[in-house]
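Structural description and commentary
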Amino acid sequence: MAGIPLSHGLLVAVVLFALGLVGVLARRNLVFMLMSIEIMLNAAGLAFIAGGARWAQPDGQIMFILVLTLAAAEVSVGLALILALYHRLETLDADAADKLKG
Amino acid sequence: MLALLWLTPALPLLGFVILFATAGRLPASAVAAVGVGSVGLSAVIALIITASFLTTPPEGDFYRQVLWRWIAIGSFNPEVAFRLDPLSLVMMLVITFVGFLIHLYSSEFMAGDEGYSRFFASMNLFVAAMLILVLADDLLLLYAGWEGVGLCSYLLIGFWYRDPANGAAARKAFIVTRIGDTAMVVGLILLFTRLGTLAIPELMERAPQAWPAGSATATAAAALLLGGALGKSAQIPLQTWLPDAMAGPTPVSALIHAATMVTAGVYLIARTHVLFELAPAIQLAVAAIGAATLLLAAFSALNQHDFKRILAYSTISQIGYMFLALGAGAWTAAIFHFMTHAFFKALLFLAAGAVMMCIGDEHDIFRMGGLWRRLPLAFASFLIGAASLAALPLVTAGFYSKDMILWGAWTSGRGGPALWAAGLIGALVTAIYIFRAVFVVFFGEMQIAARSRYGWRIAVPLGVLSVLALGGGFVETPAALGHVEAFSRLLEAVLPTQREVAAAPATQATVMAIASFAALAGVFIAYLVYLRRVRAATILDTSAVQRLHRFWLAGWGFDWLYDRVLVRPFLWFAQLNRDDAVDAVYDGVAFSSRVSHAYLSRTQTGRVRWYAGWLVAGSLAAIAIAVFA
Amino acid sequence: MTAAFYVSAAIAVLSTVMAITRADAVHALLYLVVSLLAAASIFYVLGAPFAAVLEVIIYAGAIMVLFVFVVMMLNLGQAATIQERSWIKPRMWIGPAALTAVLMAEVAYVLWASRKGNFAGANVIEAEQVGIAFFGPYLLAVELASMLLLAGLVAACHLGRGDERK
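Residues numbered from 1 in each chain as written. Chains lettered and ligands numbered in written order. Predicted model: local features only at pLDDT ≥ 70, side-chain atom pairs only at ≥ 80, totals over all residues. Heavy atoms only, no water.

1. What to know about the overall build of chain A
When helices and strands are tallied, chain A shows three helices and one strand. Seen in sequence order, chain A has helices and strands lined up from the N terminus as β-α-α-α. A burial count over chain A gives 64% of its 102 residues as buried. Contacts in chain A between residues at least 24 apart in sequence constitute 57% of all its contacts with a sequence separation of at least 6. On chain A, roughly 3700 Å² of surface is accessible, and the fraction owed to carbon and sulfur atoms is 69%. (Helix = DSSP H or I, 4+ residues; strand = E, 2+ residues; numbered from the N terminus. Buried < 20%, exposed > 50% of the residue type's maximum accessible area, 1.4 Å probe, protein only. Contact = heavy atoms within 4.5 Å. Areas by Shrake-Rupley, 256 points an atom, 1.4 Å probe, with all protein chains shown as cover.)

What follows is the structure in structure tokens.
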């Protein structure tokens, strides 16, 4: 089994990461922003898996699992924040929460 | 018994700590017990020490008690040590004894004041600091006491701090004396760098070896120490603070601004007399300043309306006498006059305070009158004090000490008759101004009712001080009158006796008779002008005399002069200096940060996506550097 | 297997593009699930079956279900979709796209430089190896991860209680 060129695997990861980044920057809805962050985290996990596969070591998967843990914790807190914010501002517009304006 | 010496300053200090730490939570009776008791115990210990010192004099006529070493820096090892010799013994006795009487008086005088505890705390601290000053074996420790009494003076002048005028008076006293203190510090540093020590005995030993008489360094050192003494003792040109210091409570004026603290300058000069003998020019300056001050202040006292200001100017004038004596080399006479002055001036202040208390805090003497019948004890005490101040012959203490000063001035090599003449004119004016106060306040028509009476705690100090003001002089009488020399023999070990000038006792008797005549003449003039109101006195109402009167009332215009010459140019310069180039730099920093703040704060949009975008841009730039560079 | 990788990669990219451009949150979530499943198959192809299983169970399963719950609780409805559509304008994609293009260029440069001789997925790494590594050298990381999850739990619990002062 010859496998896949590492650069192709990483390319897929980068494309997914870039799409998530575009989503974070372009969308105003907080739920969509959080989803985009999940895409970026998943892309980072994919890059770890690809790297681990290249060297035939389990470390890549371990990093992926840690990223997964991080994602789980981040989503739970993030969603709770979105709910709290929605209760307070009655909107999901990220630009509405601009009290820190200088 | 001499080992108890450290207790004399320690007890008032302990009293201060107790009163200060409890911060007015103690009941008034406990405050009085602590405040008066600590000084009283201190006075008892001082008496025991004195008895022990006189009956079994220690070797070399001094006793040194080292408490601890202050610091050790190379060869600089100042010790906290007390030195008891006849000079400090006299000072200590007067301070504790007069201090105790004034504390006792205050316990009634200040009753009901909201700052009762604060008052006694400050007074106790003052007594402790003053004792440290006079007992110090080291100029450094002396300076610590010196500043301590200055602090207490500030605290007590501004005691009734709710009136801004009192605060201003306190600040004035502090700042003016600070000028002298600064000179004194420079003098101490000069002495230390040149002679390598600040211990007084070593200094006095090394100075004559290091410097010939009249050398520039000795002159500079003596001049700088004199600067400190001028500030503390309110002599020209630093005398302006003392009349304003009367803003404090009357017992404070009696203790600090008459009997003890203001004579610290006299003590300092007497203590370092070796230095002044090495600098004849400065010693002559001391005498000249003393003579000028005593005349200026006496004429000012002649024109005051405020009861306490008369006594304040009188104090300046009497310290002028002491400086005159110091300058003439009559060291013992100066200390003798310090002692008698402490008695009669404290008596005058306390009697005046009792009068003013009984008539509802009225200070203007022309609104009083005829009070002798209503306040007989206060009248008798004041009369005794006035007689002693005016040096009425034979029966008063002031007569003997002032006579000693005048005789010292007459026989001194420098100035001689000129200094004597100044002292004589001063004696005449002194008698006039103090009996003016006596006649105006206690005789004539009664204009104001005496409302309250005073209790034993005011009466006892008045009585005791009256006795001292009369009898305190008999420890030293001139050759023509019994020739008692107890006082000068006591001080022999510390202060050199004046060079004996070959003068017949007859000359001395003549000089004394002239001085006595001047004093009596002064009383008579005061009687004619202020009680009988003879027709010749109408000359006082002419405009020229009135103008002179206003000039003297304002203390010869020194405040006005200093305001124009020093304060206003300084303020003008400070105003001018506000917008200088240095400021522009700092203003520029402030301006640029304000402008950059205005621009940078626009980037704070509060929009999360905006922040994220810049975060990404920054990360990309960092990656670009890592990848391409 | 190579073909499976490229097909999965294409599906993942396309469904992600769809996910970030949808106006309806539920539609976006469904596309996201598809994207995650495609990523899982990529993991499998790269020789990481354990990671692929976890991707399906936790990411596509648990986390996405959490999203669905939240969208349900928000109860956005038709009005929110219309508003969302008004926010999605062609102009707003320009800035993010430009930044992303720079990112792509930088990574492409790196990948181009190291394109030769690197092949991945020749060996399969089983769950056993992963587990041994996990509870061997990475024990501390596991503990830290557990702390992180606990912190997330506490935070979510606290924030989710809402404003009780009202």
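So, next bit.
2. What to know about the interface of chain A and chain C
Residue-level contacts link 70 residues of chain A with 77 residues of chain C. For the pairing of chain A and chain C, the buried interface totals around 6600 Å² over both sides, and the portion due to carbon and sulfur atoms is 79%. Applying the counting rule to chain A against chain C returns nine residue pairs in polar contact (both at pLDDT 80 or more). At the level of elements, strand 1 (4–5), helix 1 (6–26), helix 2 (30–55) and helix 3 (59–89) of chain A are the ones that each hand at least two residues to the side of chain A that touches chain C. In terms of residue count, helix 3 of chain A provides more of the side of chain A that touches chain C than any other element does, 23 residues in total. Its residues placed into classes, the side of chain A that touches chain C shows 49 nonpolar, 14 polar and seven charged. (Buried area = accessible area lost by both parts, 1.4 Å probe. Polar contact = N/O pair within 3.5 Å; in protein donor to acceptor, adjacent residues only side chain to side chain. Nonpolar A, V, L, I, M, F, W, Y, C, P; charged D, E, K, R; others polar.)

3. A closer look at the pattern of salt bridges
For the coordinates displayed, the defined rule picks out 17 salt bridges over all chains. One salt bridge connects D95 of chain A with R607 of chain B, and the closest N-O pair in it is separated by 3.7 Å. Pair noted here: D95 of chain A is in the segment after helix 3 and R607 of chain B is in the loop between helix 24 (581–603) and helix 25 (608–628), and the two residues belong to different chains. A relative accessible area of 14% means that D95 of chain A is categorised as buried. In this structure, R162 of chain B engages E114 of chain B in a salt bridge whose closest nitrogen and oxygen atoms are separated by 3.2 Å. Of the two residues, R162 of chain B sits in the loop between helix 5 (139–157) and helix 6 (164–195) while E114 of chain B sits in the loop between helix 3 (86–109) and helix 4 (116–135), which places them 48 residues apart along the sequence. Overall, the relative accessible area of 60% leaves R162 of chain B in the exposed class. Residue E114 of chain B is classed as exposed on the basis of its relative accessible area, which comes to 66%. (Salt bridge = Lys/Arg side-chain N within 4 Å of Asp/Glu carboxyl O.)

4. Section: the side chain of S253 of chain B
Residue and element names in this part refer to chain B. As for its position among the elements, S253 is in helix 10 (residues 250–259). For S253, a relative accessible area of 0% translates into the label buried. Reaching out from S253, the side chain makes a polar contact with the side chain of K308 at a distance of 3.1 Å.

5. With respect to the packing of aromatic side chains
Across all of its chains, the model carries 24 aromatic pairs over all chains by this definition. On the basis of an interplanar angle of 75 degrees and a centroid distance of 5.5 Å, the ring pair of F119 of chain B and F159 of chain B is categorised as edge-to-face. Of this pair, F119 of chain B sits in helix 4 while F159 of chain B sits in the loop between helix 5 and helix 6, placing them 40 residues apart in sequence. Here F119 of chain B matches F159 of chain B in class, with each residue buried. Cation over ring: R27 of chain A sits above F32 of chain A, and NZ or CZ is 3.8 Å from the ring centre. The ring of F62 of chain B carries the charged tip of R83 of chain B above its face, separated from the ring centre by 4.0 Å. (Phe/Tyr/Trp six-rings, centres within 6.5 Å; stacked < 30°, edge-to-face > 60°. Lys NZ or Arg CZ within 6 Å of the ring centre and 35° of its normal.)

6. A closer look at empty space enclosed by the protein
The gaps of empty space that remain are located by a probe, the size of a water molecule, rolled over the atoms. All names here are of chain B. For the coordinates displayed, the defined rule picks out three cavities of 30 Å³ or more. Roughly 50 Å³ of volume is contained in the largest cavity. Taken together, A391, F399, K402, D403, L406, A427, A515 and S516 make up the full set of residues lining the largest cavity. Top element by residues in the lining of the largest cavity is helix 17 (residues 397–411). It accounts for four residues. Residue composition of the lining of the largest cavity, by class: five nonpolar, one polar and two charged. Estimates place the volume of the second largest cavity at around 50 Å³. What lines the second largest cavity is simply G150, S153, Y154, A170, A173, F174, T177, K232, W241 and M261. (1 Å grid on protein atoms, 1.4 Å probe; cavity = no way out; pocket = protein on both sides within 12 Å on 5 of 7 lines; lining within 4 Å. Points joined across faces, edges and corners; volume = space filled by probe spheres on them.)

7. Some details on the interface of chain C and chain B
Across the contact, six residues belong to chain C and eight residues belong to chain B. With both sides pooled, the region where chain C packs onto chain B buries about 600 Å², and carbon together with sulfur makes up 82% of that total. Between chain C and chain B we count zero salt bridges in total. For the side of chain C that touches chain B, the per-class residue count stands at five nonpolar, no polar and one charged.

8. Remarks on the confidence of the model for chain B
Of the residues in chain B, 96% have a pLDDT of 70 or more, and the chain-wide mean is 85. When the elements of chain B are averaged for pLDDT, helix 20 (residues 486–491) of chain B gives the smallest value, 76, and helix 4 of chain B the largest, 91. (pLDDT = per-residue confidence, 0-100.)

9. Let's talk about the side chain of S117 of chain B
Residue and element names in this part refer to chain B. Topologically, S117 is positioned in helix 4. S117 gets classed as buried once you look at its relative accessible area, which sits at 9%. Setting aside residues no more than four positions away along its own chain, S117 makes contact with L19, G24 and V31.

10. Quick word on a nonpolar patch on the surface
Together, W560, L561, V565, L566, V567, F570 and L571 of chain B line one region of the surface with nonpolar side chains, adding up to about 730 Å² of accessible area. The topology assignment puts L571 of chain B in helix 23 (residues 558–576). (Patch = residues over 30% accessible without salt bridge, like charges linked within 9 Å, V, L, I, M, F, W, Y side chains within 5 Å.)

11. Regarding the packing of helix 16 (residues 376–389) of chain B against helix 18 (residues 417–442) of chain B
Residue and element names in this part refer to chain B. Running from N to C, helix 16 and helix 18 point in directions that differ by 170 degrees, and their axes come no closer than 9 Å. With respect to their mutual orientation, helix 16 and helix 18 come out roughly antiparallel. Classified by chirality, the crossing of helix 18 by helix 16 is left-handed. Contacts between helix 16 and helix 18 pair A378, F379, F382, L383, A386, A387 and L389 from the former with T430, Y433, I434, F435, A437, V438 and F442 from the latter. Its residues assigned to classes, the contact of helix 16 with helix 18 comprises 13 nonpolar, one polar and no charged. (Axes fitted to C-alpha atoms, helices over the stretch in contact; angles between N-to-C directions. Parallel < 35°, antiparallel > 145°, perpendicular 65-115°, else oblique. Left-handed = near helix turned anticlockwise from the far one by under 90°.)

12. Some thoughts on unusual backbone geometry
Residue and element names in this part refer to chain B. A cis amide bond links I236 to the next residue, P237, at an omega of 5 degrees. Note that P237 resides in the loop between helix 8 (216–232) and helix 9 (241–244). A positive phi is found at A234, a non-glycine position, where the angle reads about 55 degrees. For A234, the position within the fold is in the loop between helix 8 and helix 9. Phi is positive for A391, which is not a glycine, with a value near 60 degrees. Inspection of the secondary structure puts A391 in the loop between helix 16 and helix 17.

13. Considerations on the pairing of strand 2 (residues 79–84) of chain B
All names here are of chain B. Among the six residues in strand 2, five count as buried, and that is most of the element. One ladder, built from six bridges, connects strand 1 (residues 63–69) with strand 2; its direction is antiparallel. When the bridges of strand 2 are listed, Y63 appears paired with L84. (Pairing = 2+ DSSP bridges.)

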